[in-house]
Structures are given as structure tokens and as C-alpha cells.
Amino acid sequence: QLQLVESGGGLVQPGGSLRLSCAASRFTLDYRPIGWFRQAPGKEREGVSCINWRTGSTNYADSVKGRFTISRDNAKNTVYLQMNSLKPEDTAVYYCAVDARLSSVCVLLRNEYDYWGQGTQVTVSS
């Protein structure tokens, strides 16, 4: 009965910033990987970043390293994706996902994740 709700998307100019949120309910995130994925029109859904709730282990796609930061808030059961120095190629629908299996790490492979939110649109344009 896990439910994921993304928010924080919108329109931003190149070089700007956005902070995405993924709120989870009816499920414990402890020892679970939580990932952010994105899908642009005509493209495959790709991994952006992930974090393990317990260990804090993270991974980032090469295209976003140094610009995006993933974090978590235990009290709110929420994962965030801080996106800085945004580029037009970052334009996509961003999805939050949870791997139900216990783990000490996380991976950016979409077929490893079991639960998905509905997505939030991010548009980077002048």
C-alpha cells in the first residue's frame, strides 16, 4: 500500500534551481533504496539519483554530478532532489521510486524498483 507523491516541478530558466519532493506513506523506507528517474519525450526512463534510507549511500548519474543533491527527512518520510545549474537537457518528467527489497546501497536501474509515483514535470527553458 505504499504511496508516493512527487511535487516541486515547474518552469525554470537555464542556470536556475528547483527542489523536488517525494513523500511516502503507508510504508517504511528504512533500508530501502529510493530513486529519482526522469523521462524526456521520445527517450527511455533513466536514473538520476538514489539514496538508501538507512545507510545514506547515494549514486548519481554522470550528467547530474555536482549539480543535483539527494537527501532525506526522517520525520517527514520524504526524499528530496535539489537541482542546481539546470540545463535545457534536464527537461523531463521526474519520477520517484522505491525498491521494496532490503539493501545497504542503491542502484540506478529502473527494473530494480517496485513502486512509482505519478511524476512531476520539470521544464528548463528561456
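I will try to describe carefully the structure that is included in this document. Being a predicted model, the structure only gives us computed values, none of them experimental.

Calculation notes
- Residues numbered from 1 in each chain as written.
- Predicted model: local features only at pLDDT ≥ 70, side-chain atom pairs only at ≥ 80, totals over all residues.
- Heavy atoms only, no water.
- Phe/Tyr/Trp six-rings, centres within 6.5 Å; stacked < 30°, edge-to-face > 60°.
- Helix = DSSP H or I, 4+ residues; strand = E, 2+ residues; numbered from the N terminus.
- Core = buried A, V, L, I, M, F, W, Y, C linked by side-chain atoms within 4.5 Å.
- Buried < 20%, exposed > 50% of the residue type's maximum accessible area, 1.4 Å probe, protein only.
- Contact = heavy atoms within 4.5 Å.
- Polar contact = N/O pair within 3.5 Å; in protein donor to acceptor, adjacent residues only side chain to side chain.
- Pairing = 2+ DSSP bridges.
- Axes fitted to C-alpha atoms, helices over the stretch in contact; angles between N-to-C directions.
- Disulfide = S-S within 2.5 Å.

**Description of the packing of aromatic side chains**
Here's step 1: In total, this model carries three aromatic pairs according to the counting rule given.
Here's step 2: Residues Phe 37 and Tyr 113 carry aromatic rings whose centres are separated by 5.1 Å and whose planes lie at 75° to one another, so their mutual orientation is edge-to-face. With Phe 37 in strand β4 (residues 33-39) and Tyr 113 in the loop between β9 (92-98) and β10 (115-116), this residue pair connects regions lying 76 residues apart in the sequence.
Here's step 3: Ring centres of Tyr 113 and Trp 116 lie 6.5 Å apart, and the angle between their planes is 65°; this geometry places the pair in the edge-to-face category.

**Regarding the nonpolar core**
Here's step 1: Among the nonpolar cores identified, the biggest contains 27 residues, and Ile 34, Trp 36, Phe 68, Val 79, Leu 81, Met 83 and Tyr 94 are the most heavily contacted of them.
Here's step 2: Once residues within four sequence positions are removed from consideration, Met 83 is found in contact with Gly 16, Ser 17, Leu 18, Leu 20, Arg 67, Phe 68, Tyr 94 and Val 122.
Here's step 3: One finds Phe 37, Cys 50, Ala 97 and Tyr 113 within the second-largest nonpolar core, a separate group that totals five residues.

**Describing the side chain of Thr 78**
Here's step 1: Along the chain, Thr 78 falls in strand β8 (residues 78-83).
Here's step 2: Within the local environment of Thr 78, its side chain forms a polar contact with the backbone oxygen of Lys 76, the two atoms lying 2.8 Å apart.
Here's step 3: When sequence neighbours within four positions are dropped, the list of residues in contact with Thr 78 reads Ser 21, Cys 22, Ala 23, Trp 53, Ser 71, Arg 72 and Asp 73.

**Brief notes about the sheet that holds strand β7 (residues 68-73)**
Here's step 1: Within the open sheet, the four strands sit side by side as β1-β3-β8-β7. Their pairing is antiparallel. Of all strands in the sheet, those with a lone pairing partner are β1 (3-7) and β7, marking the two edges. Taken pair by pair, the neighbouring strands of this sheet meet at an average axis angle of 15°, ignoring direction.
Here's step 2: The pairing of β1 with strand β3 (residues 18-25) spans five bridges and is antiparallel. Bridging from a neighbouring strand, Val 5 pairs with Ala 23 of β3.

**Focus on the state of the cysteines**
Here's step 1: Here the structure, examined in full by the defined rule, presents two disulfides.
Here's step 2: A sulfur-sulfur separation of 1.9 Å characterises the disulfide bridge that pairs Cys 22 with Cys 96. The chirality of the disulfide connecting Cys 22 with Cys 96 is left-handed, given an S-S dihedral of about -75°. Of this pair, Cys 22 sits in strand β3 while Cys 96 sits in strand β9; the two residues are 74 residues apart in sequence, bridging distant segments of the chain. Note on accessibility: Cys 22 and Cys 96 belong to one class, buried.
Here's step 3: Through a disulfide, Cys 50 is tied to Cys 106; the S-S separation comes to 2.1 Å. For the disulfide bridge between Cys 50 and Cys 106, the dihedral angle about the S-S bond is near 80°, and by the sign convention the bridge is right-handed. Here Cys 106 lies in the loop between β9 and β10 and Cys 50 lies in strand β5 (residues 46-52), a separation of 56 residues in the sequence.
Here's step 4: Cys 50 sits in the buried class, given a relative accessible area of 0%.
Here's step 5: A residue is classified by how much of its surface remains accessible, and Cys 106, at 3% relative accessible area, is buried.
Here's step 6: When the cysteines engaged in disulfides are numbered in sequence order, the chain pairs them as 1-3, 2-4.

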